Amino acid sequence: MKINFTNEQNIFRDEVRTWLESNVPKTPLLSLDTKEGFEQHREWERTLNEGNWSMVTWPKDYGGRGLDLIQWLIFEEEYYRAEAPTRVNQNGVFLLGPTLMEFGTHEQKSKFLNAMATGDHIWAQGWSEPGAGSDMAAIRTTAVLEGDYYKINGQKTWSSRAAYADWTFGLFRTDLDSERHRGLSFILVPLDLPGITVRPIPQLDGEPGFAEIYFDDVKVPLENLLGGDGEGWKIAMATAGFERGLMLRSPARFQQTASKLLELYLANQDDCSPMIQAKVVEAWAQSESYALSIYHTASKMLAGGSIGSESSLGKIFWSELDHMMHQTALKILGASAELSQESKNDAAKWIKGFMFSYAGPIYAGTNEIQKNIIAERLLGLPR
Amino acid sequence: MNFIFTEEQIQFKDAIKSFLAEECAPASIRDGWQKNQSFNLERWKNLIELGVLSSNLPEEKGGLGMEQVTLALMVEEMGYAGLPEPVAEQTFLVNDVIPFLPQNITEAVESNYNDAAQYIALAHPLAPNPLFLNNAAGLILLDNSECKFIAKDDMDFEIISSNDPSRELFKVSSMKNAICASENFDELNSAVSARGTLMTAALLIGLAQKMIDLSSVYVLDRTQFGKPIGSFQAVKHMLADVAVKIEFAKPAVYRAAYSLSENNPKSALHCAHAKLMCAQAAELACKNSIQAHGAMGYTWEMDLHIYMRKAWSMMACWGNEDKQQEIIFKTLSSTSEELGVLYTF
């Protein structure tokens, strides 16, 4: 065990920092859930790609740098420290990317990974349906193979980024006689095909962060099938693991929030109840623990281990932590915790984060589902 | 950066685990309770023979010179087994702080401590009631202003009962011929506090793991409404909550141990962090385990309370949750620029 950064890792950190310092937009971009903001964020994805920073862990052939998970975590630390824009293509680079790497053909990898890295394809998720939320195996949207294309009919919902995205990936029932998690396939669908209707859904903050997608005889070429026909469930579980675990929820985000919370508290300490202090300490302690745990996991994976149901532990931990931190911030803000316009202490930003923190325990599989997974797969309790 | 254990570290952990599974079963702990002799001399002798007690003494003093991470892994297993003998928070602690003791105290300790066969107790404001004085060769008394060593024959003491019958606590009523040193004990005090904090944290994480393991077995076995109660979501979720707490407390222990062995200037902060996380995990483990056991959890008969009682004591000693929060806050508010996203390692 050696838990210090190597010289090489520190040099890499400096390189990331230097690049970010000169490239991160000086004024914050508009919200990525607005049309204009979305395009600004797409532009930022392009800038990242020009610096070869789209996804440092990808192989060089696919536009990455071929770096390891520790370097990825370092990159993320610098990224959050620099307060760089949210990755509008996170569904692509953090979720579909690693999934393609594992299950995609060479042709799929070169086509999709590159377009993802350049920001030409911004991806939406297509998991949930009106009748398939926590019970994802209840998916009913069908994709019927007719010659060399699938014909898709049905509806997806809560599809993150779909309001403005270019593509969606999701699970579709390709075997009409199948039930539950059998007979599902993982298909990549361009959102501009005839027969597709996207209906944005305004979220709690009023902006359309997700959408419904209606499919009416939509023809998708067979080459857009990822993995084998009927293997969708297995592939989706791998993607979900990335979403719950260390790719999408790297610790830097929560550590950065904890630091900001500490700053906010120290600046307003005199006006706060002494009870708040313990929460601020909790925020630091838990985000620190999350970071330690993720470095521990990353080290295990580098040594050849794999991550399974353990990602459910992390998903509960970070989502509860994120909510607790924002709730605490609002307590510190006192009466200004209702101001949604720019004001002292960045109140509006905290409120936005606060509202978003309610989504964490729901998306990527609700925390209740995660607890079932933990109980059944890690503690050995019966279904 | 390589945050995984070496094979050797795992071997030490596994070895002590199987030893304790054999030698420290609940029946043997209860036997100690019944005889009012929780310090099992047989087991102690075996721990000496295995070289466990001198693990962290330097090689020239007959030890293995073991660093803190391996030690913490072993201590975790001692918690898991509910080991009554105070190996972690007394013997390992004393071994470790010998280099920080004033010269005359070191000499006194070492003359009473040849070949590590003897037990030396230590009392400190964070754990003021010395353990198993009747089995000790002597006592180190330490506070902010003085450090004393008293040989066993030079003191009178009486037993005070602990809520954990595995812990025989004592109060010294009189002493003579104390070997005293009074200089600046800041360094010694922080060394002792940090190690006491880490040792209790490691014990707590083992205890929490034990409680959740016992509970998982119990809820599989107990049926109601025609099914194992472990199939009900309310029960599953209680235990899953504990699993989450444990998962994120463990790496804090290993990091704190690593910091101590590297003399990291932030090791006091890291130990406080470990104890905070472990105390919270253990607290929830106690609450949800007893709940998962239902009324059986509230009985003397069920083994759960062997571990629950030790956990309550370990939470209280060497700084409870609030104390650790205070230490963390003091550090955070004085040096905020060196904490946060870039300063975990």
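It should be emphasised that the depicted structure is a prediction, and the values quoted were computed from it without experimental measurement.

**A word on the overall build of chain A**
- Along chain A, the regular secondary structure elements total 11 helices and eight strands.
- Against the 2.2 N^0.38 benchmark of 21 Å for 383 residues, chain A shows a C-alpha radius of gyration of 21 Å, consistent with a compact globule.
- Here the C-alpha coordinates of chain A stretch approximately 70 × 50 × 45 Å along the principal axes.
- For chain A, the proportion of its 383 residues judged to be buried stands at 47%.
- In chain A, 71% of the contacts between residues at least 6 apart in sequence involve partners at least 24 apart.

**So, the overall build of chain B**
- From N to C terminus, chain B includes 11 helices and eight strands.
- The C-alpha radius of gyration of chain B comes to 20 Å, within 12% of the 20 Å expected for a compact globule of 345 residues.
- Taken over the C-alpha atoms alone, chain B extends approximately 70 × 55 × 35 Å along its principal axes.
- Residue pairs in contact within chain B that sit at least 24 positions apart in sequence constitute 71% of those at least 6 positions apart.

**Looking at the interface of chain A and chain B**
- Each partner contributes to the interface: chain A provides 48 residues, whereas chain B provides 42 residues.
- Elements with a minimum of two residues in the side of chain A that touches chain B: helix 3 (69-81), helix 7 (252-268), helix 8 (275-302), helix 9 (310-333) and helix 11 (367-378) of chain A.
- Here the side of chain A that touches chain B takes 15 residues from helix 8 of chain A, the largest share from any one element.
- Taken together, the residues that form the side of chain A that touches chain B break down as 27 nonpolar, 13 polar and eight charged.

**Overview of the packing of helix 8 of chain A against helix 9 (residues 267-293) of chain B**
- Across the interface, helix 8 of chain A lies against helix 9 of chain B with an axial gap of 10 Å and an inter-helix angle of 95°. Judged by the inter-axis angle, helix 8 of chain A sits roughly perpendicular to helix 9 of chain B. Where helix 8 of chain A approaches helix 9 of chain B, its residues Ala-285, Glu-288 and Ser-289 of chain A are matched on the opposing element by His-273, Leu-276 and Met-277 of chain B.
- In terms of residue class, the contact of helix 8 of chain A with helix 9 of chain B is made up of three nonpolar, two polar and one charged.

**Description of the packing of helix 3 of chain A against helix 7 of chain A**
Residue and element names in this part refer to chain A.
- In the contact formed by helix 3 and helix 7, the axes pass within 8 Å of each other and the chain directions differ by 35°. The handedness of the crossing between helix 3 and helix 7 is right-handed. For the pair helix 3 and helix 7, the contacting residues are Glu-76, Glu-77, Tyr-79, Tyr-80 and Arg-81 in the first and Ala-252, Arg-253 and Gln-256 in the second.
- Within the contact of helix 3 with helix 7, the residues separate by chemical class into three nonpolar, one polar and four charged.

**A closer look at helix 7 (residues 186-221) of chain B**
- Taking 1.5 Å of rise per residue, the 36 residues of helix 7 of chain B would be expected to cover 52 Å, and the 52 Å separating its terminal C-alpha atoms lies within 8% of that figure.
- Counted residue by residue, helix 7 of chain B has 29 buried out of 36 residues, so it is predominantly covered.

**Quick notes on the sheet that holds strand 6 (residues 179-181) of chain B**
Residue and element names in this part refer to chain B.
- Taking strand neighbours across the sheet as the criterion, the four strands line up as 1-2-3-6 in an open arrangement whose pairing is mixed. At either margin of the open sheet sits one strand with a lone partner, and together these are strand 1 (119-123) and strand 6. Across the sheet, the mean angle separating the axes of adjacent strands is 15° when strand polarity is ignored.
- Two strands pair when backbone bridges link them, and strand 1 and strand 2 (residues 136-142) are joined in this way by five bridges, in the parallel orientation. The residue of strand 2 that forms the bridge with Ala-121 is Leu-139.
- Along the sheet, helix 5 (residues 87-97) contacts strand 1 and strand 2; its crossing angle with strand 1, the most-contacted strand, is approximately 95°.

**Quick notes on helix 1 (residues 7-23) of chain B**
- For helix 1 of chain B, with 17 residues, the first-to-last C-alpha span of 24 Å sits near the 24 Å given by 1.5 Å per residue.
- Turning to helix 1 of chain B, the residues buried within the fold contact helix 4 (68-81) of chain B.

**What about the domain arrangement of chain A?**
Residues and elements named next belong to chain A.
- Domain boundaries in chain A define domain 1 (7-88), domain 2 (124-236) and domain 3 (249-378).
- Facing six residues of domain 1, the contacting portion of domain 2 comprises five residues.
- Looking at side-chain class alone, the side of domain 1 that touches domain 2 contains two nonpolar, two polar and two charged residues.

**Structural notes on the confidence of the model for chain B**
- Here chain B averages 94 in pLDDT, while 96% of its residues score no lower than 70.
- Interface confidence for the predicted complex, given as ipTM, is 0.95, next to a pTM of 0.95.

**So, the environment of Leu-276 of chain B**
- Within the fold, Leu-276 of chain B resides in helix 9.
- Given 29 C-beta atoms within a 10 Å radius, Leu-276 of chain B is considered buried.
- Each C-alpha atom of the pair Leu-276 of chain B and Asn-134 of chain B lies 32 Å from the other, and the pair is 142 residues apart in sequence.
- The residues contacting Leu-276 of chain B, other than those within four sequence positions of it, are Ala-285 of chain A together with Glu-321, Gln-324, Gln-325 and Ile-328 of chain B.

**What to know about the environment of Glu-338 of chain A**
Residue and element names in this part refer to chain A.
- With respect to the element layout, Glu-338 can be found in the loop between helix 9 and helix 10 (347-357).
- Owing to 10 C-beta atoms within 10 Å, Glu-338 belongs among the exposed residues under this scheme.
- For the pair Glu-338 and Ile-351, spaced 13 residues apart in sequence, the C-alpha separation works out to 7.5 Å.

Definitions and cut-offs
Residues numbered from 1 in each chain as written. Chains lettered and ligands numbered in written order. Predicted model: local features only at pLDDT ≥ 70, side-chain atom pairs only at ≥ 80, totals over all residues. Helix = DSSP H or I, 4+ residues; strand = E, 2+ residues; numbered from the N terminus. Rg over C-alpha atoms; globule rule 2.2 N^0.38 Å. Buried ≥ 20, exposed ≤ 12 C-beta atoms within 10 Å, placed from the backbone. Contact = placed C-beta atoms within 7 Å. Nonpolar A, V, L, I, M, F, W, Y, C, P; charged D, E, K, R; others polar. Axes fitted to C-alpha atoms, helices over the stretch in contact; angles between N-to-C directions. Parallel < 35°, antiparallel > 145°, perpendicular 65-115°, else oblique. Left-handed = near helix turned anticlockwise from the far one by under 90°. Expected span 1.5 Å × (residues − 1). Pairing = 2+ DSSP bridges. Domains from an automatic or database assignment. pLDDT = per-residue confidence, 0-100.

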